[in-house]
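Examination of the molecular architecture
Listed here are the chains, written in short residue letters.
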Amino acid sequence: MDENQVVIAGIDLAIIIVYLVGIVGLGCWAGSRQRAESKGKDYFLAGGTLTWPIIGLAMFSTNISTIHIVGFAQSGYETGLVKGNFEWMAAFTLIALSLFFAPFYIRSKVATLPDFLEKRYNSACRNWLALLSIISAIFIHIGFTLYTGAVVLHGLFGINMMVSIVVVAALTGLYTIVGGLLAVVLTESIQTIILLIGSIIMTLIGLHHVGGWSGLEATLAATGDQELITILRPTEGFSWYGPKGDFSWCAIFLGYPIIGIWYWCTDQTIVQRVLGAKDENHARIGPLFTSLIKILPVFIFVLPGLICLGLVRQGHFDSEITNTADTYAFMMTNLLPVGLKGLVAAALLAALMSTVSGSLNSIATLFSYDLYKVWKPETSDESLVKIGRIVTFAGMIAAIIWSPFVEKFGNLYDGVITMICYIAPPITTVFIWGVFWRKASARAAFWTLVTGSAAGLVIFLLDFYKNKTGWDMPFMLASFYLFVLCSIFLGIVSYLNPHQHTAESEALVWASPLDALRGEAWPGLGNYKLWAAVVFFGMVALFAIFA
């Protein structure tokens, strides 16, 4: 047996089985409650009934996958807290979603984000974004998550990887097909709680063994590694393109807003929860609630890897980690007692299943509304739901086939970020300028999407085969530069081919960014502007403390 493999006890197995039965049962029950009507908006957008706590928990749960838990523990062990930037920087883009994007999404009553692009620009933009979103959901959200989950389950319990991929995908696909978005968000809310409890327990036990925060600091200082406990890192020199270093503060501050706006403000898999909001205020506050929860991953996902390094340096374990990808499994094996292993394993499954279910539902929504409904507008709601269920199943099969190929990316979390860096820039460009610049035209937006995507693919291949091509530009900086080029291109084409606004598209552009703060708000502590200010200044303080 592998030294990092967990010996599963009866109580641990019982906890895992109860979790799986409970989550699948809850999802199917949610589906049975709405099958009588089976209207498109009920199935795909939960009937527009979602409130801010459900939206916030569901967005967090869909975002956090096994890639985060396993990849962050590995990066914490190797490089300290630096990759926590991807969690804390997310708060600022969630503020942008709440203030600037969510109001237009709710007011335009769209079912999908490609649908929004059609209202702002034209149908060509809608079709292109729908295809890109389906591809990214299968290849990024589901493919990487299924493979990483299989790696963890194999490392912990010796389960065959393909068996893990197929079984988890089948169970998740079952309640997603039956229940639609309502089943997805209900299960995600429960999964978020399980995920947080399991991860917090792991962190607290690790801190106890390492001697608390002061013990960890002293251990790292003794070996000259105190910089690992900081979140911002200096550049590694300069080259023709600017500062070196994939995760230097400069690369993070320039590149993250580009990928963050794509992920949190324009990606169907994430934003679909906002589209199902009960009203505009719920749509605004839900993402802000998510941003508050996003403070935790640095401490409960990244920090455990750094704690593990401290424990190794202290000689706490009888054996050492032979492969840093096994950091989380190593800690489970050596720190957790019987019973807690089952709870933390359930948390890992929660992270895996929530991301997969959210992505499958978004694929179904995108295909049904943005492709099939456009092709056959007379399609009834009942037929649309059936098509959505078929597409969910097809997406699940495609992801199962793709998942094993993810192994070729090596470091899985870096692989995900790299792919996003080359997909995001053109999409971020057309959304940002679409809602802030009245002159952004339909033709410019479409050709920005096409040429930007093509350029992103070329740069991705240069980066992927860097050993042969000699490409060494940090992917975060490359994402920023690609966004700048896309913006210049969109500006030039918009001036050459002015946009012909309709009354509908005119209403989807802010005359002034300050107009976003003039919408109706709940009084007192429920005011979204107060929440946004608390999140903003709170995150600035955290960066200052850990810089």
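Residues numbered from 1 in each chain as written. Predicted model: local features only at pLDDT ≥ 70, side-chain atom pairs only at ≥ 80, totals over all residues. Heavy atoms only, no water.

1. Brief notes about the packing of helix 3 (residues 52–63) against helix 13 (residues 280–293)
- Look at helix 3 against helix 13: their axes get within 7 Å of each other, and the N-to-C directions meet at 45 degrees. By the angle between their axes, helix 3 is oblique relative to helix 13. Here helix 3 and helix 13 pass one another in a crossing that is right-handed. Contact with helix 3, carried on its side by Trp52, Pro53, Ile55, Gly56, Leu57, Met59 and Phe60, involves His282, Ile285, Gly286, Pro287, Phe289, Thr290 and Ile293 of helix 13 and no other residues of that element.
- The residue inventory of the contact of helix 3 with helix 13, partitioned by class, reads 10 nonpolar, four polar and no charged. (Axes fitted to C-alpha atoms, helices over the stretch in contact; angles between N-to-C directions. Helix = DSSP H or I, 4+ residues; strand = E, 2+ residues; numbered from the N terminus. Parallel < 35°, antiparallel > 145°, perpendicular 65-115°, else oblique. Left-handed = near helix turned anticlockwise from the far one by under 90°. Contact = heavy atoms within 4.5 Å. Nonpolar A, V, L, I, M, F, W, Y, C, P; charged D, E, K, R; others polar.)

2. Thoughts on the layout of surface pockets
- In this structure, the largest pocket spans a volume of roughly 450 Å³.
- Looking at the largest pocket, it is lined by 17 residues, and the ones nearest its centre are Ile135, Met419, Ile423, Leu457 and Phe460.
- Looking at the lining of the largest pocket, the elements with two or more residues in it are helix 8 (123–157), helix 18 (412–436) and helix 19 (442–464).
- The greatest single-element share of the lining of the largest pocket, amounting to seven residues, is contributed by helix 19.
- Broken down by class, the residue content of the lining of the largest pocket amounts to 14 nonpolar, three polar and no charged. (1 Å grid on protein atoms, 1.4 Å probe; cavity = no way out; pocket = protein on both sides within 12 Å on 5 of 7 lines; lining within 4 Å. Points joined across faces, edges and corners; volume = space filled by probe spheres on them.)

3. Section: the nonpolar core
- Formed by 178 residues in total, the largest nonpolar core has its most connected members in Leu146, Phe431 and Met476.
- Beyond its immediate stretch of four places on either side in the chain, Met476 contacts Phe86, Asp246, Ala251, Ile252, Gly255, Tyr256, Ile259, Ile417 and Cys421. (Core = buried A, V, L, I, M, F, W, Y, C linked by side-chain atoms within 4.5 Å. Buried < 20%, exposed > 50% of the residue type's maximum accessible area, 1.4 Å probe, protein only.)

4. Examining the packing of aromatic side chains
- All told, the structure shown has 33 aromatic pairs when counted by the stated rule.
- Look at Phe100 and Phe436: their rings are 5.2 Å apart centre to centre, the planes differ by 70 degrees, and that puts the pair in the edge-to-face class. Placement of the pair is Phe100 in helix 6 (residues 90–107) and Phe436 in helix 18, with a sequence separation of 336 residues.
- For Phe436, a relative accessible area of 30% gives the class partly exposed.
- Here the aromatic cluster, defined as three or more aromatic residues joined through ring pairs, consists of Trp88, Phe92, Trp213, Trp249, Phe253, Phe299, Phe536, Phe537, Phe543 and Phe546.
- We note Arg284 situated over the ring of Tyr528; from NZ or CZ to the ring centre the distance is 4.0 Å.
- Taking NZ or CZ as reference, Lys376 lies 4.8 Å from the ring centre of Trp375, over its face. (Phe/Tyr/Trp six-rings, centres within 6.5 Å; stacked < 30°, edge-to-face > 60°. Lys NZ or Arg CZ within 6 Å of the ring centre and 35° of its normal.)

5. Digging into the pattern of salt bridges
- Inspection of every chain in the model, using the stated rule, returns 11 salt bridges.
- Across the salt bridge formed by Glu504 and Lys119, the nearest N and O atoms sit 3.1 Å from each other. Pair noted here: Glu504 is in helix 22 (residues 503–506) and Lys119 is in helix 7 (residues 113–120), with a separation of 385 residues, a long-range link.
- Residue classification places Glu504 among the partly exposed positions, given a relative accessible area of 41%.
- Between Arg313 and Asp225 there is a salt bridge; the shortest N-O distance is 2.5 Å. (Salt bridge = Lys/Arg side-chain N within 4 Å of Asp/Glu carboxyl O.)

6. Remarks on empty space enclosed by the protein
- Per the counting criterion, the structure on display carries two cavities of 30 Å³ or more.
- Looking at the lining of the largest cavity, the elements that each hand over two or more residues are helix 3, helix 4 (66–79), helix 5 (85–88), helix 8, helix 11 (249–266) and helix 18.
- With five residues, helix 11 is the largest single contributor of residues to the lining of the largest cavity.
- For the lining of the largest cavity, the per-class residue count stands at 11 nonpolar, eight polar and two charged.

7. What about helix 14 (residues 297–313)?
- Compared with the 24 Å implied by 1.5 Å per residue over 17 residues, the 23 Å span of helix 14 between its first and last C-alpha is a close match.
- Largest kink in helix 14: about 45 degrees, centred on Leu303, with the proline Pro304 one to four residues after it.
- Here helix 14 lies mainly inside the structure; 15 of its 17 residues are buried.
- Positive phi appears at Gly315, one or two residues downstream of helix 14, with a value of about 75 degrees. (Expected span 1.5 Å × (residues − 1). Bend = angle between axes of the 7 residues up to and from the residue.)

8. Some points on the side chain of Thr172
- Secondary-structure assignment places Thr172 in helix 9 (residues 161–210).
- Thr172 gets classed as buried once you look at its relative accessible area, which sits at 0%.
- One polar contact links the side chain of Thr172 to the main-chain carbonyl oxygen of Val168, over a distance of 2.8 Å. (Polar contact = N/O pair within 3.5 Å; in protein donor to acceptor, adjacent residues only side chain to side chain.)

9. Description of the packing of helix 6 against helix 23 (residues 528–546)
- Packing of helix 6 against helix 23 leaves a shortest axis separation of 10 Å and a crossing angle of 165 degrees. Considering the angle they form, helix 6 stands roughly antiparallel to helix 23. Of the two possible hands of crossing, helix 6 and helix 23 adopt the one that is left-handed. Mapping the contact onto sequence places Ala91, Phe92, Ile95 and Leu99 in helix 6 and Tyr528, Ala532, Val535, Phe536, Met539, Val540 and Phe543 in helix 23.
- Considered class by class, the residues forming the contact of helix 6 with helix 23 number 11 nonpolar, no polar and no charged.

10. Focus: the environment of Leu306
- Position of Leu306 among the secondary structure elements: in helix 14.
- Through-space distance from the C-alpha of Leu306 to that of Leu477 is 26 Å; in sequence the pair is 171 residues apart.
- Not counting residues within four places of it along the chain, the set of residues in contact with Leu306 comprises Gly76, Tyr77, Gly80, Leu81, Leu216, Leu220, Leu228 and Ile229.

11. Concerning the environment of Thr269
- Its location among the elements puts Thr269 in helix 12 (residues 268–275).
- Counting along the chain gives 118 residues from Thr269 to Ile387, while the straight-line C-alpha distance between them is 18 Å.
- With near-sequence residues (within four places) excluded, Thr269 lies in contact with Thr62, Ala137, His141, Gly358, Ser359 and Ser362.

12. With respect to helix 13
- With 14 residues, helix 13 extends 21 Å between its outermost C-alpha atoms, agreeing within 8% with the 20 Å of an ideal straight helix rising 1.5 Å per residue.
- For helix 13, the buried fraction is high: 12 of the 14 residues fall into the buried class.
- The N-capping residue of helix 13, defined by a side-chain oxygen 3.0 Å from the backbone nitrogen of Asn281, is Asp279.

13. Quick notes on the confidence of the model for the chain
- With 92% of its residues at a pLDDT of at least 70, the chain reaches an overall mean of 84.
- At the low end of the mean pLDDT range in the chain sits helix 2 (residues 40–45), at 56; at the high end sits helix 21 (residues 475–496), at 96. (pLDDT = per-residue confidence, 0-100.)

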